[in-house]
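Residue strings, one per chain:
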Amino acid sequence: MQTLAQLTDDKLVQSYANGNHDAFDVLLQRHQGRLLSYITQQCNNAQLAEDIFQETFVKAIITIKNGNYTENGKFANWIFRIARNLVIDHFRRESSECTVSTDDDNFDILNRKELGGDTIEDELVELQIRDDIRRLIKALPFSQRQVLVMRYYRNLSFKEIAEKTGVSINTALGRMRYAILNLRRMAQESDIALTH
């Protein structure tokens, strides 16, 4: 019988889709060096590259687990395409946030809500949202809450989270995915808005 390391990417994807989490760890180890180098080269920012790298694998996990992976024999191309699209999306978002059209005569660059201070109502809504989010996070299972807090409040990478919790990167990514899905579900069930 072949060891996981001897399997092709497609066989590893198939094995992971069938519940073998170790198969995804092998895929991650096989492609992480080249993929992270590629993203870093595109971004020219190590922290941003790490975030996009992690987002790439979260997206891959979700796609495979939902049964939507169809790239037979081309896993490397597929994962690089996801990363490339995420890099493009990031820079599009960044440039659209900094763009102001000078064609619009009605646009007053100085009369923008984001340039003014928040109103008391805005601050109260923001406080309420934070309280709601804290309550929802406390309702998560411990393992999901732990990963979410380490990622968003302590700003640790998934690699650091995996090391600190003694699990694989794949398990840490999976726990984060379930934490986000559970937060969304609980917010919807409780009719709680997570943004204003």
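Figured I'd write up the structure that's included with this text. (Residues numbered from 1 in each chain as written. Predicted model: local features only at pLDDT ≥ 70, side-chain atom pairs only at ≥ 80, totals over all residues. Heavy atoms only, no water.)

## Overview of the overall build of the protein
- Scanning the protein from N- to C-terminus turns up 8 helices and 0 strands.
- In sequence order, the protein lays out its α and β elements as α-α-α-α-α-α-α-α.
- A total of 196 residues make up the protein; the buried ones form 34% of that total.
- Within the protein, contacts between residues separated by at least 24 positions form 57% of all contacts whose residues are at least 6 apart in sequence.
- Surface summary for the protein: the accessible area is close to 12800 Å², and the carbon and sulfur share equals 48%. (Helix = DSSP H or I, 4+ residues; strand = E, 2+ residues; numbered from the N terminus. Buried < 20%, exposed > 50% of the residue type's maximum accessible area, 1.4 Å probe, protein only. Contact = heavy atoms within 4.5 Å. Areas by Shrake-Rupley, 256 points an atom, 1.4 Å probe, with all protein chains shown as cover.)

## Re the environment of Leu-136
- Position of Leu-136 among the secondary structure elements: in helix α5 (residues 120-138).
- Note on Leu-136: relative accessible area 6%, which makes it buried.
- Taking the C-alpha atoms as reference points, Leu-136 and Leu-183, 47 residues apart in sequence, are found 6.3 Å from one another.

## Some words on the packing of helix α3 (residues 46-65) against helix α8 (residues 169-189)
- Running from N to C, α3 and α8 point in directions that differ by 75°, and their axes come no closer than 10 Å. By the angle between their axes, α3 is roughly perpendicular relative to α8. The segment α3 lies against α8, with Gln-54, Phe-57, Val-58, Ile-61 and Ile-62 engaging Asn-170, Leu-173 and Arg-177. (Axes fitted to C-alpha atoms, helices over the stretch in contact; angles between N-to-C directions. Parallel < 35°, antiparallel > 145°, perpendicular 65-115°, else oblique.)

## Side note on helix α7 (residues 158-165)
- Among the residues of α7, those classed as buried are Phe-158, Ile-161, Ala-162 and Thr-165. Along the axis of α7, the buried residues cluster in a sector spanning 100°; they form a single face. Opposite the buried face of α7, at more than 90 degrees from it, the exposed residues are Glu-163 and Lys-164.
- In this structure, the buried side of α7 is in contact with α3, α6 (142-153) and α8. (Arc of directions from axis to C-beta.)

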